[in-house]
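Tertiary structure, described
Now for the letters of each chain:
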Amino acid sequence: MNLRKNLDTIAPLLLELARFDGTYRKVLAKYANPIVLILDEWLLLKPTEAEQHDIPELLHRRRKKSSTIFCSQYESDGWYDQPGGDDSPLAEAILDRIKHDAYKINIVPVDPANYRAMREVYGLDLAMSE
């Protein structure tokens, strides 16, 4: 199994375990405190229902106190569909918290002919993200 894929699952796993052992607030505070939090490969995979509840809570705690950088292969217009779109009441809340005070930087590949998406690099099934 890819080490990067394992690392990407650590944070959600810690929050899920913390729900059961009563340390949820403490674990969430660890992610809320850094001055800059970088969420790489944002929405590469659809967030679970539990993760959809964690995201607005985390963003609310970080708002106006710190910076959060979202790195994604998806255009920001497509972000609504990844956390569930119309099927998820939290999708709108998540995006409102992200886009309200956001600066958007689009990076285009230097050599579009040889561009490969991270989904392809990691061998992820495209159906997992759609």
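From a predicted model like this one, the values you see are computed outputs, not experimental measurements. (Residues numbered from 1 in each chain as written. Predicted model: local features only at pLDDT ≥ 70, side-chain atom pairs only at ≥ 80, totals over all residues. Heavy atoms only, no water.)

Quick look at the pattern of salt bridges now. A side chain of one charge can pair with a side chain of the opposite charge if their charged atoms are brought near each other. Per the stated rule, a full pass over the model turns up 3 salt bridges. Between arginine 61 and glutamate 57 there is a salt bridge, and its shortest N-O distance comes to 3.2 Å. Residue arginine 61 and its partner glutamate 57 are both found in helix 4 (residues 49-62); the two are separated by 4 residues, about one turn of the helix. In this structure, aspartate 101 and lysine 64 form a salt bridge, with 4.0 Å as the shortest nitrogen-oxygen distance. On the criterion of sequence distance, the pair formed by aspartate 101 in the loop between helix 5 (89-99) and helix 6 (118-121) and lysine 64 in the loop between helix 4 and strand 2 (67-70) is long-range, its members being 37 residues apart. Look at aspartate 101 and you get partly exposed, because its relative accessible area is 43%. Three or more residues are tied together by salt bridges with common partners; here these are Arg63, Lys64 and Asp101. (Salt bridge = Lys/Arg side-chain N within 4 Å of Asp/Glu carboxyl O. Helix = DSSP H or I, 4+ residues; strand = E, 2+ residues; numbered from the N terminus. Buried < 20%, exposed > 50% of the residue type's maximum accessible area, 1.4 Å probe, protein only.)

What follows deals with the pairing of strand 2. Here is the key point about a regular strand: its side chains alternate between the two faces of the sheet. Bridge count between strand 1 (residues 36-39) and strand 2: 4 bridges; the pairing is parallel. Bridge assignment links valine 36 to a residue of strand 2, and that residue is serine 67. Handedness of the crossover is the feature at issue here: the chain leaves strand 1, passes through helix 4, returns alongside strand 2, and the resulting connection is right-handed. (Pairing = 2+ DSSP bridges. Right-handed = clockwise from strand over helix to strand, strands pointing away.)

Relative to each other, helix 4 and helix 5 sit at 25 degrees, their axes nearing to 9 Å. Classed by the angle they form, the pair helix 4 and helix 5 counts as roughly parallel. You can see that helix 4 and helix 5 cross each other, and the crossing is left-handed. Residues Gln52, His53, Ile55, Pro56, Leu59 and His60 of helix 4 form the contact with helix 5, whose own contacting residues are Leu90, Ile94, Arg97 and Ile98. A breakdown of the residues in the contact of helix 4 with helix 5 according to their chemical character gives 6 nonpolar, 3 polar and 1 charged. (Axes fitted to C-alpha atoms, helices over the stretch in contact; angles between N-to-C directions. Parallel < 35°, antiparallel > 145°, perpendicular 65-115°, else oblique. Left-handed = near helix turned anticlockwise from the far one by under 90°. Contact = heavy atoms within 4.5 Å. Nonpolar A, V, L, I, M, F, W, Y, C, P; charged D, E, K, R; others polar.)

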